[in-house]
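So you can see what is in the structure, the chains are spelled out below.
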Amino acid sequence: MRLILLGAPGSGKGTMGEMISRATGFPRISTGDLLRKAVREDNPVGRKAEAVMKSGGLVEDATVTELVRERIAAPDCLGGYILDGYPRTIAQAEAIEAIDPARPEIVLDRAVGEETIVGRLSGRRICPSCGAVFHVVNMPPKVAGVCDACEGDLVQRADDAAATIRERLRVYHEATAPLQARYRNKGTYRSVDGEGFPEEVYSRIAGVLAGPRPSAGKGRSA
Ligand code: ADP
Ligand code: ZN
């Protein structure tokens, strides 16, 4: 299975990607996680990406594509993978089609209202040590401000500040939303209601994934 998770920031891509990965065994590849790792390592990619990410903009297509190209060449991706947060532009969609022409088999989009998005992002807290994600209301840690998994101090992501959230949403509507039409034309697009608790959303997703697969190449010859 090659799955692309589309959807606005705060639509729950990461949480759903993890749940799908646990259920299917396919690795979840998050370009946001790969970029944040590069920033932590302070390597050339990270140094280029840090300011752009903080402002809510998109990192250069070529840079992100190179991260994805390397990652999906790894043996654990042979049978399939779950792309979370890539492609995010038409140029990236073209790039992944060139790297892996038969793919994607399914593109899953989560429909979520703007209020839900802002609530999810502004309440999100992450553990910088182990990467665990919490939410002050929806998924609170056992002890406020402390990671359940490793007892690290939880922080807010730099780009979850209110002003940056608005910019990320603007960029999403401008650069990423146009991908919906592209994948609808290919017959690989599936939309799921993303409102509600993670378990509810996941059971809707599981229903879609258990349903008929779009046939390969549908719509391409038209
Ligand atoms: P979210 O979907 O909640 O915005 P991500 O972790 O997917 O969070 O992405 C965080 C940031 O990383 C983005 O705002 C952007 O700056 C950068 N980024 C992630 N994926 C891409 C991508 N495919 N292309 C360009 N920039 C990306
Ligand atoms: Zn932790």
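In this text the structure is predicted, and so the values were computed from the model without any measurement. (Residues numbered from 1 in each chain as written. Chains lettered and ligands numbered in written order. Predicted model: local features only at pLDDT ≥ 70, side-chain atom pairs only at ≥ 80, totals over all residues. Heavy atoms only, no water.)

S.K.: Is there a simple way to think about the overall build of the protein in this case?
M.R.: In terms of helices and strands, the protein carries 9 helices and 7 strands. Over its C-alpha trace the protein gives a radius of gyration of 17 Å, about what one expects of a compact globule, namely 17 Å for 222 residues. With the C-alpha coordinates of the protein rotated into their principal frame, the extents come out at 55 × 40 × 35 Å. Looking at the protein as a whole, 45% of its 222 residues qualify as buried. Taking the intrachain contacts of the protein between residues at least 6 apart in sequence as the baseline, contacts between residues at least 24 apart amount to 69%. Working note: accessible area of the protein is about 11000 Å², and carbon and sulfur atoms make up 55% of it. (Helix = DSSP H or I, 4+ residues; strand = E, 2+ residues; numbered from the N terminus. Rg over C-alpha atoms; globule rule 2.2 N^0.38 Å. Buried < 20%, exposed > 50% of the residue type's maximum accessible area, 1.4 Å probe, protein only. Contact = heavy atoms within 4.5 Å. Areas by Shrake-Rupley, 256 points an atom, 1.4 Å probe, with all protein chains shown as cover.)

S.K.: How should the coordination of the zinc ion (ligand 2) be read in this particular structure?
M.R.: Put simply, the ideal angle at a metal is 109.5 degrees for four donors in tetrahedral geometry and 90 or 180 degrees for six donors in octahedral geometry. Here the zinc ion (ligand 2) is held by C127 (SG), C130 (SG), C147 (SG) and C150 (SG), and the distances to it run 2.3 Å. All donors to the zinc ion (ligand 2) come from one chain, and their sequence spacing reads C-x2-C-x16-C-x2-C. Classification of C130 by relative accessible area gives partly exposed; the value is 41%. (Donors = N, O, S within 2.8 Å, 3.2 Å for Na, K, Ca; no water.)

S.K.: Is there a simple way to think about the sheet that holds strand β3 (residues 81–84) in this case?
M.R.: What holds strands together in a sheet is hydrogen bonding between their backbones, with the strands either parallel or antiparallel. In space, the 5 strands of this open sheet follow the order β2-β3-β1-β4-β7, with parallel pairing throughout. Only two strands of the sheet have a single neighbouring strand rather than two, namely β2 (28–30) and β7 (189–193). Each strand of the sheet is rotated relative to its neighbour by a mean of 25°, with strand direction disregarded. Packed onto the sheet, helix α9 (residues 198–210) meets β1 (2–5), β4 (106–111) and β7 and runs at close to 155° relative to β7. (Pairing = 2+ DSSP bridges. Axes fitted to C-alpha atoms, helices over the stretch in contact; angles between N-to-C directions.)

S.K.: How do you make sense of the pattern of salt bridges when you look at a structure like this?
M.R.: Here the idea is simple: oppositely charged side chains can pair when their charged atoms come close. Evaluation of the coordinates by the stated rule reveals 19 salt bridges. E60 is the partner of K48 in a salt bridge, and the nearest nitrogen-oxygen pair spans 3.9 Å. Here the residue K48 occupies a position in helix α3 (residues 44–55), and E60 occupies one in the loop between α3 and α4 (61–72), the gap between them amounting to 12 residues. In this structure, E174 and R170 form a salt bridge, with 2.9 Å as the shortest nitrogen-oxygen distance. Remark: R170 and E174 occur in helix α7 (residues 162–176); sequence separation between them is 4 residues, near one turn of the helix. (Salt bridge = Lys/Arg side-chain N within 4 Å of Asp/Glu carboxyl O.)

S.K.: I tried to follow the packing of helix α1 (residues 13–24) against α9 on my own but got confused; where do I start?
M.R.: Packed helix pairs are specified by the crossing angle of their axes together with the interaxial distance, meaning the distance between the axes. It is at 10 Å that the axes of α1 and α9 come closest, and there the two elements cross at 55°. Considering their axes alone, α1 and α9 lie oblique with respect to each other. Here the hand of the crossing between α1 and α9 comes out right-handed. Counted together, T15, M16, M19, I20 and A23 of α1 and P198, E199, V201, Y202, I205 and L209 of α9 form the full contact between these two elements. (Parallel < 35°, antiparallel > 145°, perpendicular 65-115°, else oblique. Left-handed = near helix turned anticlockwise from the far one by under 90°.)

S.K.: What am I meant to see in the nonpolar core here?
M.R.: Side chains of nonpolar character tend, in soluble globular proteins, to be buried together. Of all hydrophobic cores here, the largest spans 22 residues; its most connected members are L35, I72, Y81, L83, Y86, I96 and Y183. Those elements that place two or more of their residues in this core are α3, α4, β3, α5 (90–99) and α8 (179–186). Per-element accounting of this core gives the leading share, 4 residues, to α4. When neighbours within four sequence positions are excluded, Y86 is seen to be in contact with I4, T31, V64, T65, V68, Q92, A95 and I96. By size, the runner-up hydrophobic cluster in this structure holds 14 residues, among which are M1, L5, M16 and I106. (Core = buried A, V, L, I, M, F, W, Y, C linked by side-chain atoms within 4.5 Å.)

S.K.: When you look at the confidence of the model for the protein in this model, what are you seeing that I'm missing?
M.R.: Detailed conclusions should not be drawn from predicted coordinates in areas where pLDDT is low. On average, the protein scores 90 in pLDDT, and the residues at 70 or more come to 95%. Below a pLDDT of 50 lies the segment residues 217–222, which in the model reaches 7 contacts outside its immediate sequence neighbourhood of four places, other chains included. (pLDDT = per-residue confidence, 0-100.)

S.K.: Hey, could you run me through the pairing of β1 in this one?
M.R.: A regular strand places its side chains so that they alternate between the two faces of the sheet. Neither face of β1 is open: one carries R2 and I4, the other L3 and L5, and all of them are buried. Sheet topology places β1 next to β3; 4 bridges connect them, and they run parallel. For R2, the partnering residue across the bridge sits in β3 and is Y81. The pairing of β1 with β4 spans 3 bridges and is classified as parallel. Residue pairing in the sheet places I4 in a bridge with V107 of β4.

S.K.: When you look at the site of ligand 1 in this model, what are you seeing that I'm missing?
M.R.: Lining the immediate surroundings of ligand 1 are 19 residues, of which K13, T31, G57, Q92 and R168 lie closest. At 3.0 Å, a backbone N or O of V59 approaches a nitrogen atom of ligand 1. For ligand 1, the accessible surface in isolation is 550 Å², of which the surrounding protein chains cover 96%. With 4 residues, the top contributor of residues to the shell around ligand 1 is helix α2 (residues 31–41). Residue composition of the shell around ligand 1, by class: 7 nonpolar, 5 polar and 7 charged. (Near = heavy atom within 4 Å. Polar contact = N/O pair within 3.5 Å; in protein donor to acceptor, adjacent residues only side chain to side chain. Nonpolar A, V, L, I, M, F, W, Y, C, P; charged D, E, K, R; others polar.)

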